[in-house]
Amino acid sequence: MLKIALLGCGRIGRLHAHIVASNPGSRLAAVFDPVPEAAVAISNAHGVKTVDNAEAIFSDGEIDAVIVASATQTHSDFIEQAVRAGKPVLCEKPIDLDIERVRTCQAAIADSDVPIQIGFNRRFDPGHRELRDAVVKGEIGNLLQLIITSRDPAPPTYDYLRSAGGILRDMTIHDFDIARFVLAGDEPVEVFAAANALIDPSIASDPGDNDCTMVLMRSASGRQVLINNARQAKYGYDQRIEALGTEGMLQSSNRTPNGILRFGTNLTAGGTGYENFFIERYQEAFRLQWDAFLAAVSAGKTPEVGFNDGYEALRLAEAAYESLRSGRTVSLSGQ
């Protein structure tokens, strides 16, 4: 049983704490958060100790591995500290909002074999994974087009938007990773993005963000990928993937209590609509993600979703932002 420390005790940290504590292969041993009340809440819920600083986690010889669910600006520092301490780490996305900081981190850990997994949990969603496996097996012939839809049920707070780094780094980054996952090595080489603040026009000036975006990508072999995001969908949390091939089409659709689909303001999750938000929709994926991390660490293998996947997803986000600024298609060769 691996003894796990949790860095960051907010919403996503609480989810990780529950998953660790409920898995027979892991035990939550310590938690840290700069907001003491947040750490105490998890401590009380799971009967684990709190520590006063992150250094106490990395110097504790009893801790086998760490989860980084803290503020994004701490991720690279904590990854580097975990590697120096020889502790495998599962880090939430993104690695950092500054791609140069990610490159610095990448160089700092380049010679290490300490397992690092980035929290792209959607790869572990059973429907998304089955679609990807079917594409790779050639079930629909040659993949032609990939359409990824991701829409939140309601916009986040202004405070969240001010620290999130923009919709393409915060929200679309999951879709960039899923695109790479399904393309299975046929990497995107061109990116074109369009984005506007259509739901709440005020965010265009403060914090200078958008709430509706579409990204069109071309892979090295010419396959087309369309990602569409919106910060608000009145009918619920909308998560779909469609793959069109020369011999057919695959869809990984939203989960509903039954086969009936209803769309409208009062038909969000709660019996007739889609799951409420990402914690509900992807809870199984989070659990499977943790299973995969434990299996990799226990076997001494490299995790399936590694540091480079986090870096490549951020490269796509940066290319998309460059496309927004220039109004042109951006080649990844220059990123």
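Residues numbered from 1 in each chain as written. Predicted model: local features only at pLDDT ≥ 70, side-chain atom pairs only at ≥ 80, totals over all residues. Heavy atoms only, no water.

Draft legend 1. Here's a closer look at empty space enclosed by the protein. Inspection of the entire model under this criterion finds one cavity of 30 Å³ or more. Considering only enclosed or pocket space, the largest cavity measures out at about 40 Å³ in volume. Residue lining of the largest cavity: Arg122, His128, Ile148, Thr149, Asp175, Ile178, Gln239, Arg240, Ile241 and Tyr282, and that is the complete set. Contributing elements (two or more residues each) for the lining of the largest cavity: strand S7 (143–151), helix H9 (172–183) and strand S11 (238–245). The element that contributes the greatest number of residues to the lining of the largest cavity is S11, accounting for three residues. Its residues assigned to classes, the lining of the largest cavity shows four nonpolar, three polar and three charged. (1 Å grid on protein atoms, 1.4 Å probe; cavity = no way out; pocket = protein on both sides within 12 Å on 5 of 7 lines; lining within 4 Å. Points joined across faces, edges and corners; volume = space filled by probe spheres on them. Helix = DSSP H or I, 4+ residues; strand = E, 2+ residues; numbered from the N terminus. Nonpolar A, V, L, I, M, F, W, Y, C, P; charged D, E, K, R; others polar.)

Draft legend 2. Representation of the sheet that holds strand S1 (residues 2–7) in the model. Here we have six strands laid out as an open sheet, ordered S3-S2-S1-S4-S5-S6, and parallel in their pairing. Where the open sheet ends on each side, the last strands, each with one partner, are strand S3 (49–50) and strand S6 (116–118). Across six bridges, S1 lies against strand S2 (residues 26–32) in parallel orientation. By the bridge assignment, Leu7 is partnered in S2 with Phe32. (Pairing = 2+ DSSP bridges.)

Draft legend 3. Focus on the side chain of Thr172. Its location among the elements puts Thr172 in helix H9. Residues in contact with Thr172, not counting those within four places in the same chain, are Ile167, Thr213, Val215, Ile227 and Asn229. (Contact = heavy atoms within 4.5 Å.)

Draft legend 4. Here's a closer look at helix H12 (residues 307–326). The first and last C-alpha atoms of H12 sit 29 Å apart over 20 residues, in line with the 28 Å expected at 1.5 Å per residue. The buried count for H12 comes to 15 of 20 residues, which makes it a mostly enclosed element. (Expected span 1.5 Å × (residues − 1). Buried < 20%, exposed > 50% of the residue type's maximum accessible area, 1.4 Å probe, protein only.)

Draft legend 5. Structural detail: the confidence of the model for the protein chain. Across the protein chain, pLDDT averages 93, with 93% of residues at or above 70. The model gives residues 268–272 a pLDDT under 50, and that stretch makes 13 contacts with residues more than four places away or in other chains. (pLDDT = per-residue confidence, 0-100.)

Draft legend 6. Quick peek at the pairing of strand S4 (residues 65–68). Here S4 shows two buried faces, one formed by Ala65 and Ile67 and the other by Val66 and Val68. Sheet analysis places S1 next to S4, joined by four bridges and oriented parallel. Bridge assignment links Ala5 to a residue of S4, and that residue is Val66. With three bridges joining them, S4 and strand S5 (residues 89–91) adopt parallel strand pairing. Each residue of the ladder has a partner; that of Ile67, found in S5, is Leu90. Between the parallel elements S4 and S5, the chain passes through helix H4 (residues 75–84) in a crossover that is right-handed. (Right-handed = clockwise from strand over helix to strand, strands pointing away.)

Draft legend 7. Expanded view of the pairing of strand S10 (residues 224–230). Buried residues dominate S10, accounting for five of its seven residues. Sheet topology note: the S7/S10 ladder contains seven bridges and is parallel. Bridge assignment links Thr149 to a residue of S10, and that residue is Asn228. Taken together, the seven bridges between strand S9 (residues 212–219) and S10 define a ladder with antiparallel strand orientation. Across the sheet, the residue bridging to Leu216 is Leu226, located in S10. Between S9 and S10, which pair antiparallel one after the other, the connecting turn spans four residues, and Gly222 there sits at a positive phi close to 100°.

Draft legend 8. Geometry of the packing of aromatic side chains. By the definition in use, this model includes six aromatic pairs. Between Phe58 and Phe78, the aromatic rings sit 6.0 Å apart at their centres with planes inclined by 45°, giving tilted as the arrangement. Separated by 20 residues along the polypeptide, Phe58 in helix H3 (residues 54–58) and Phe78 in helix H4 bring together distant segments of the chain. Consider the rings of Tyr237 and Tyr282, whose centres lie 6.3 Å apart with planes at 90°: the pair is edge-to-face. With Tyr237 in the loop between S10 and S11 and Tyr282 in the loop between helix H10 (278–281) and helix H11 (283–299), the pair connects residues that are 45 residues apart, well separated along the chain. (Phe/Tyr/Trp six-rings, centres within 6.5 Å; stacked < 30°, edge-to-face > 60°.)

Draft legend 9. Structural context of the nonpolar core. The biggest cluster of nonpolar side chains holds 94 residues, and the ones touching the most others in it are Leu6, Ile79, Phe176, Met217 and Trp290. Looking at this core, the element that brings in the most residues is H12, giving nine residues. Residues in contact with Leu6, not counting those within four places in the same chain, are Gly13, His16, Ala17, Leu28, Ala30, Val31, Phe32, Ile42, Ile67 and Ala69. (Core = buried A, V, L, I, M, F, W, Y, C linked by side-chain atoms within 4.5 Å.)

Draft legend 10. Structural view of the environment of Val135. Looking at the secondary structure, you find Val135 in helix H6 (residues 126–137). Since its relative accessible area comes to 11%, Val135 is described here as buried. Along the primary structure Val135 and Met249 are separated by 114 residues, whereas in three dimensions their C-alpha atoms are 9.4 Å apart. Residue contacts for Val135: discarding those within four places in its chain leaves Ile140, Leu143, Val182, Ala243 and Leu250.

Draft legend 11. Representation of the sheet that holds strand S13 (residues 330–331) in the model. Sheet architecture is open: seven strands sit in the order S12-S11-S7-S10-S9-S8-S13, paired in mixed fashion. Every other strand in the sheet has two partners, leaving strand S12 (248–252) and S13 as the edge strands with one partner each. Sitting on the sheet, H6 touches S7, S11 and S12, and the angle it makes with S12 is about 160°. (Axes fitted to C-alpha atoms, helices over the stretch in contact; angles between N-to-C directions.)

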